[in-house]
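Here is what each chain is made of, one letter per residue.
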Amino acid sequence: MGAAAAAALAACGASGSDGVGQDGRVTIEMWHGQTDTGLKALKGLVAAFTRAHPHIRVDLGGGVLADAMLQKVTAALASGTYPDLAYIFGSDLAGVARSPQVLDLTDTLRHGPTPWQSYWEPARAAVTVNGRLRASPALLDSLAVVCNRKLFSAAGVPLPEAGWTWDDFRRTARSLTDARTGVFGTGWPGVGDEDTVWRLWPMVWDLGGEVIAPDGRGIGFAKAGVRALETVAALAGDKSVYVDPKPGSEQMYQVFASGRMGMVVTGPWQLPDIRQARIDYEVVPLPSYSGRPLTISGPDTWTAFDNGGARARATRTFVSWLAQPGQDVRWDVEAGSLPLSRRSEEESAWRAKEAGTRGLDVFTKALQTARVRPVHPAYPEVSTALGQAVVSVLLGRSSPAEAMRACAADSRAALVIPR
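## With respect to the confidence of the model for the protein
Thought 1: Chain-level statistics for the protein give a pLDDT mean of 94 and a share of 96% at 70 or above.
Thought 2: Counting contacts from residues 1–16, a segment whose pLDDT is below 50, to residues more than four positions away or on other chains yields 16 contacts.

## Considering the pattern of salt bridges
Thought 1: In this structure the tally under the stated criterion is 17 salt bridges.
Thought 2: The partner of Glu 121 in a salt bridge is Arg 124, and the shortest N-O contact between them spans 3.2 Å. Highlighted residues: Glu 121 and Arg 124, both in helix α6 (residues 121–126), separated by three residues, approximately one helical turn.
Thought 3: For Glu 121, a relative accessible area of 45% puts it in the partly exposed group.
Thought 4: In this structure, Arg 330 engages Glu 334 in a salt bridge whose closest nitrogen and oxygen atoms are separated by 3.3 Å. In this pair, Arg 330 and Glu 334 both sit in helix α15 (residues 325–335), four residues apart, roughly one turn of the helix.

## Concerning the environment of Val 197
Thought 1: Tracing the chain through its elements places Val 197 in helix α9 (residues 194–197).
Thought 2: Take Val 197: its relative accessible area is 0%, and that puts it in the buried class.
Thought 3: Val 197 sits 92 residues away from Leu 105 along the chain, and the two C-alpha atoms are 29 Å apart.
Thought 4: Once you skip the residues sitting within four places of it in the chain, Val 197 turns out to touch Tyr 379, Ser 383, Leu 386 and Gly 387.

## Observations concerning empty space enclosed by the protein
Thought 1: Summed over all chains, the structure comprises three cavities of 30 Å³ or more.
Thought 2: The calculated volume of the largest cavity comes to roughly 90 Å³.
Thought 3: Forming the boundary of the largest cavity are Leu 42, Leu 45, Ser 136, Pro 137, Ala 138, Trp 302, Val 319, Leu 322, Ala 323, Asp 328, Trp 331 and Leu 340.
Thought 4: Its residues assigned to classes, the lining of the largest cavity shows 10 nonpolar, one polar and one charged.

## Notes on the nonpolar core
Buried together is how nonpolar side chains tend to be arranged in soluble globular proteins.
Thought 1: Counting residues in each nonpolar core, the largest one holds 63 residues, and the members touching the most others are Met 30, Val 58, Val 146, Val 283, Trp 302 and Phe 318.
Thought 2: Sort the elements by how many residues they give to this core and helix α14 (residues 309–323) lands first, with eight residues.
Thought 3: Not counting chain neighbours up to four residues away, the residues in contact with Phe 318 comprise Ile 28, Met 30, Val 46, Phe 49, Val 58 and Leu 85.
Thought 4: Counting residues in each nonpolar core, the second largest holds 51 residues, with Trp 164, Trp 201, Ile 296 and Cys 407 among its members.

## Things to note about the environment of Pro 285
Thought 1: Mapped onto the elements, Pro 285 comes out in the loop between β13 (281–284) and β14 (295–296).
Thought 2: Using a relative accessible area of 33% as the deciding quantity, one classes Pro 285 as partly exposed.
Thought 3: Distance in space between the C-alpha atoms of Pro 285 and Ala 47 is 37 Å, their sequence separation being 238 residues.
Thought 4: Setting aside residues no more than four positions away along its own chain, Pro 285 makes contact with Ala 144, Val 145, Ala 162, Trp 164 and Val 362.

## Details of the sheet that holds strand β7 (residues 144–148)
Thought 1: Strand order in this open sheet of three strands is β12-β7-β13, and the pairing throughout is antiparallel. Both edges of this open sheet fall to β12 (263–266) and β13, since each of them pairs with a single strand only. Strand-to-strand, the axes of this sheet are offset by a mean angle of 25 degrees, without reference to chain direction.
Thought 2: With four bridges joining them, β7 and β13 adopt antiparallel strand pairing. Opposite Val 145, over in β13, you have Val 284 as the bridge partner.
Thought 3: Docked against the sheet, helix α8 (residues 166–176) engages β7 and β12, running at close to 135 degrees with respect to β12.
Thought 4: Here helix α12 (residues 250–257) sits on the sheet in contact with β7 and β12, set at roughly 140 degrees to β12.

## A short note on the packing of aromatic side chains
Thought 1: One pass over the full model with this rule turns up 15 aromatic pairs.
Thought 2: Seen from their ring centres, Trp 166 and Tyr 289 are 6.5 Å apart, and the 40 degrees between their planes marks the pair as tilted. Here Trp 166, found in helix α8, pairs with Tyr 289, found in the loop between β13 and β14; they are 123 residues apart in sequence, far enough to count as distant.
Thought 3: The buried category is assigned to Trp 166, whose relative accessible area is 4%.
Thought 4: Relative to Phe 221, the ring of Trp 201 has its centre 5.0 Å away and its plane inclined at 90 degrees; by these criteria the two rings are edge-to-face. You can see Trp 201 sitting in helix α10 (residues 201–206) and its partner Phe 221 sitting in the loop between β10 (219–220) and α11 (222–237), a full 20 residues away along the chain. For the pair formed by Trp 201 and Phe 221, the shared burial category is buried.
Thought 5: Its guanidinium or amino end placed over the ring of Trp 31, Lys 72 lies 4.8 Å from that ring's centre, counting from NZ or CZ.

## Topic: unusual backbone geometry
Thought 1: One non-glycine residue with positive phi stands out, namely Lys 239, at about 55 degrees.
Thought 2: Along the chain, the position of Lys 239 falls in the loop between α11 and β11 (241–244).
Thought 3: When its relative accessible area of 66% is taken as the criterion, Lys 239 is described as exposed.
Thought 4: Residues other than glycine seldom take positive phi values, yet Ser 249 does so here, at roughly 60 degrees.
Thought 5: Judged by its relative accessible area of 1%, Ser 249 falls in the buried class.

## Observations regarding the packing of α8 against α11
Thought 1: At their nearest, the axes of α8 and α11 sit 10 Å apart, and the two run at 10 degrees to each other. Comparing the axis directions of α8 and α11 gives the class roughly parallel. Of the residues in α11, those in contact with Trp 166, Phe 169, Arg 170 and Ala 173 of α8 are Thr 231, Ala 234 and Leu 235.
Thought 2: For the contact of α8 with α11, the class distribution of residues is five nonpolar, one polar and one charged.

Conventions we followed
Residues numbered from 1 in each chain as written. Predicted model: local features only at pLDDT ≥ 70, side-chain atom pairs only at ≥ 80, totals over all residues. Heavy atoms only, no water. pLDDT = per-residue confidence, 0-100. Contact = heavy atoms within 4.5 Å. Salt bridge = Lys/Arg side-chain N within 4 Å of Asp/Glu carboxyl O. Helix = DSSP H or I, 4+ residues; strand = E, 2+ residues; numbered from the N terminus. Buried < 20%, exposed > 50% of the residue type's maximum accessible area, 1.4 Å probe, protein only. 1 Å grid on protein atoms, 1.4 Å probe; cavity = no way out; pocket = protein on both sides within 12 Å on 5 of 7 lines; lining within 4 Å. Points joined across faces, edges and corners; volume = space filled by probe spheres on them. Nonpolar A, V, L, I, M, F, W, Y, C, P; charged D, E, K, R; others polar. Core = buried A, V, L, I, M, F, W, Y, C linked by side-chain atoms within 4.5 Å. Pairing = 2+ DSSP bridges. Axes fitted to C-alpha atoms, helices over the stretch in contact; angles between N-to-C directions. Phe/Tyr/Trp six-rings, centres within 6.5 Å; stacked < 30°, edge-to-face > 60°. Lys NZ or Arg CZ within 6 Å of the ring centre and 35° of its normal. Parallel < 35°, antiparallel > 145°, perpendicular 65-115°, else oblique.

Dropping the structure here:
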């Protein structure tokens, strides 16, 4: 076989049958990135879809968790053996969507049975690249503060309420800290990854900063970033913050679950573990500098790829079905997402879940004022630069101003590259 012919076959990513088997069924491949409860929920949804659409078969595979999906998908696109659907982090979508093999889902989501106009703004913004919908929202969350009521009571500190400030947060963390008993006021991921970074963006936005400057050639948070890092530095200086040195923040959450941390900034995904640990907890909105409610949402996506007409049509059908309120809520309840839309939020199954889970409504209400990180191909480099800045401040290696200058320089180098 000649090189040109081999390349042409690889570019198809599918067999010559266009994914249609001898029985007339179309098979699509889904790299799901899930484990445990998420995978169990997805298997149930796929079974329900197959019963309703017997002409389409969904194969669950991929062999990697979501954290490693970008690398696997990037390699698959290069080799021409990519799936029909993959779980892609929202922060990675802009880079992946530069591939011509990524399907445009604008018509699928805006004009199909999906309740697009009732989607929360963060869900819509996270999949929009240059005005087009380059993926379907897969998971929605928000950040709030979970408090250990027992530790608050023992320290004689009142539980915070909506409208509190970052100065209040610092004072509260300091009051809760007890070196003698090994109790920390709060915690912060200290690896420098996205988990480290995205907790800082609500602080930056509240101070008037933006991730990327209007001209697109530098960061838009040089001044606001210093102020936000000053708050981080103050927590570190008070020795009231547990800095988790390992990826995934597992140690930070273990400290909270063991009853040795007063407050943790986290999302709804952590509530099952907190409940299992029998922590008497309260959920309150994030503090702010302005007193206005503001948080961040980090939606992940189902990104679809073009493997020929039949498989692409089947993939669009599955994506549209998966996003409708009945299926969305089943995924939310079983896998730990927040509802993608207000219509999903009104479903009785979600109302029952919310009523039976203390504090879950705080995370859902926060979606009204949540923002998302920009869907920009240089975002990963900006995030890496800011992550290094946060860690250097947490560990006392740099002042906030020094750390932000380094972040600005590293980010600028990435942003000026033509994309």
